[in-house]
Structure formats: structure tokens, C-alpha cells
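These are the residues of each chain, in order.
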Amino acid sequence: MPSRDRMSIGDVLQELRSDFPDITVSKIRYLESEGLVEPERTPSGYRKFSTADVERLRYVLTMQRDRFYPLREIRKNLEAMDRGLTPQSGSEDVGTPTVPKVVLSDDGYPTGDSFRPSRHEIRLSRAELLEAAEIGTDLLDAMEQFGLMRPRASHQHYDGVDVAVAKTVGELAAYGVEPRHLRAFKTAADREVGLFEQIVSTQQRPGDPSATARAEETIRELAALSVRLHTTLVKHGLQKRD
């Protein structure tokens with residue numbers, strides 16, 4: 001494909017001809033007149049096609065050649081694709097477009113298994129935690145002051161979760177976010193845990209290991225869904241700024 005950002009109709013013809021030998025300038029102009037592609041126009045009126053325009057034409061020509069779709073159905077497909085949806089295929093009537101599965105997939109979010117207890121628990125002294133998290137004493141003091149973490153009371157040690165928290169808080173601090181700003185995060189997390197425990201309380205039965213296992217699994221799944229919801233809401237909030 002030509003390296004230019006915009007191509008003339010002749011360039012487009014050359015680009016498509018290897019796959020569609022019967023393509024003509026008149027055909028491209030006809031598809032444009034039908035509103036299936038809308039190239040830019042120069043002040044002099046010359047068409048300038050983008051890479052996206054060429055791929056759009058390629059899609060139209062492929063659907064006509066391989067699926068025998070009429071233009072009205074191809075137009076429905078294109079309109080669905082313009083809205084980020086996935087058009088149905090396999091029949092003359094493309095039907096109702098669907099939301100792409102990737103939108104509803106995990107997309108890297110944690111699952112319930114992510115909240116299982118670690119099999120490789122560690123025990124760190126205060127000095128070891130500071131070194132592992134690459135933070136200073138003042139920051140750790142502030143984290144403990146605002147309840148973001150505290151050593152295990154029985155042995156005065158820190159674990160792997162503490163390292164992850166301290167490391168993350170240290171990285172936030174580099175952007176000017178201080179532990180006092182993060183107290184709301186800890187409060188929200190505690191409230192979520194309390195809600196989940198309340199939900200599963202009816203599943204727990206003394207002396208019934210299977211019921212306890214089901215309750216623990218439910219809490220893990222609720223935790224994963226909670227993280228997904230929080231992440232999605234933050235992403236949505238950032239997108240609204242654009």
C-alpha cells in the first residue's frame with residue numbers, strides 16, 4: 001500500500017485490483033455515491049482515501065463477492081461496525097448486531113482464584129519490608145498511621161500482601177498521592193469485605209466443611225466481581241474526560 005496518509009482514487013484502484021481484478025474507478029465512485037465510503041475532498045475536489053477507507057471498500061467488495069450480500073445488508077453491517085458492534089453473518093439477513101465478546105470478557109481482570117490464600121506466604125521484618133517495597137521509613141509510618149497496613153500482632157512481621165500494598169503506595173507517592181489520601185481506599189475495601197461476609201453468612205454451617213468451602217468460594221467470586229466493577233467505573237470516568 002502506498003506510504004502516503006491519503007491516496008488518490010487511482011492509488012486505491014491499484015491497491016484493490018490484485019484481489020478484485022474487476023474493480024473500476026466507476027465502481028469505487030458508485031460505492032461512494034451509495035454512502036458506503038466517504039473519502040476526504042481537497043479544496044479542488046479531488047478524493048483522498050485513508051487506509052480505513054480502503055479497508056472499508058475491501059470489506060464491501062468481499063461481502064459482495066464471497067457472501068453475495070446486497071448493498072442494503074452490507075450497509076447494516078458497516079453501520080454496526082461503526083458503532084463498535086459485531087454484525088451477524090451467515091445468512092442473507094444479517095440480523096441484529098451483537099456486542100463484541102471482548103467487551104464482556106475478563107480483559108485481564110482477576111478471577112475468584114486470584115483471591116485464594118498464597119501457598120508461598122512470607123514473613124518479613126520491618127527492614128526487609130522496606131527493602132522489598134523500596135520505600136522509606138517515613139512512608140511506612142504514614143501507611144500504618146492511616147491504617148493501610150500494620151504488622152501481624154502475634155509475631156510483629158509483615159507478609160506478601162503488605163509488600164504489594166507498600167510497593168503500590170510507594171509508586172503512588174511518586175505522583176504526589178500520600179497515604180492520607182488513600183484512607184478511603186482502605187475504608188471502602190473493609191466495607192466490601194463486610195458486605196461479602198454478610199452475604200455468605202447464611203451459607204456457613206458449623207461442622208459442615210462443604211458449606212464452609214462454598215462460602216469461601218463465593219467470597220472469592222464476589223471479590224473478583226467487585227474489582228472488575230471498580231476498574232470499569234474508573235475507566236469509564238476517565239473516558240468521560242476525553
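Criteria and thresholds
- Residues numbered from 1 in each chain as written.
- Predicted model: local features only at pLDDT ≥ 70, side-chain atom pairs only at ≥ 80, totals over all residues.
- Heavy atoms only, no water.
- Helix = DSSP H or I, 4+ residues; strand = E, 2+ residues; numbered from the N terminus.
- Buried < 20%, exposed > 50% of the residue type's maximum accessible area, 1.4 Å probe, protein only.
- Contact = heavy atoms within 4.5 Å.
- Areas by Shrake-Rupley, 256 points an atom, 1.4 Å probe, with all protein chains shown as cover.
- Core = buried A, V, L, I, M, F, W, Y, C linked by side-chain atoms within 4.5 Å.
- Salt bridge = Lys/Arg side-chain N within 4 Å of Asp/Glu carboxyl O.

*Asks:* How would you summarise the overall build of the chain if you had to cite specific residues and measurements?
*Replies:* Across its full length, the chain holds ten helices and two strands. Listed N to C, the secondary structure of the chain is α-α-β-β-α-α-α-α-α-α-α-α in terms of helices and strands. Out of the 242 residues in the chain, the part that is buried amounts to 29%. The long-range share in the chain, meaning contacts at least 24 apart out of those at least 6 apart in sequence, stands at 47%. Summing over all exposed atoms, the chain offers an accessible surface of approximately 16,200 Å²; the carbon and sulfur share of this is 53%.

*Asks:* Kindly report on the nonpolar core, identifying the contributing residues and their values.
*Replies:* Side chains of a nonpolar character, in soluble globular proteins, are inclined to be buried together. Ranked by size, the top nonpolar core spans 22 residues in total, and within it V12, L16, I28, L31, L57, V60 and I74 carry the most contacts. If you tally residues by element for this core, the top one is helix α3 (residues 51-67), at six residues. Discounting chain neighbours no more than four positions away, the residues touching V12 are M7, I28, F49, V54 and L57. L139, L140, A166 and L182 belong to the second-largest nonpolar core, a separate cluster that totals 15 residues.

*Asks:* Give me the lowdown on the pattern of salt bridges, citing residues and values where you can.
*Replies:* Within this structure, the stated rule accounts for 17 salt bridges. Taking the shortest distance from any N to any O, the salt bridge between E73 and K76 comes out at 3.7 Å. Of the two residues, E73 and K76 both sit in helix α4 (residues 71-82), three residues apart, roughly one turn of that helix. Exposure remark for E73: the relative accessible area of 4% places this residue in the buried category. Across the pair E178 and R180 runs a salt bridge whose closest N-O atoms are separated by 2.7 Å. Using a relative accessible area of 37% as the deciding quantity, one classes E178 as partly exposed. Accessibility expressed as a relative area gives 44% for R180, which makes it partly exposed.

*Asks:* I'd like a description of unusual backbone geometry, backed by residues and values.
*Replies:* A positive phi angle, near 60°, is found at F68, a position not held by glycine. Looking at the secondary structure, you find F68 in the loop between α3 and α4. Residue F68 is classed as exposed on the basis of its relative accessible area of 69%. Positive phi outside glycine occurs at E134, with the angle close to 60°. When you line up the elements, E134 lands in the loop between α6 (126-133) and α7 (137-145).

*Asks:* Quick one: what's the story with the environment of V12, residue by residue and with numbers?
*Replies:* For V12, the location among the structural elements is in helix α1 (residues 9-17). For V12, a relative accessible area of 0% puts it in the buried group. On a C-alpha basis, the gap between V12 and T24 in space is 9.9 Å, while along the polypeptide they are twelve residues apart.

Any functional reading would require information that these geometric values do not contain.
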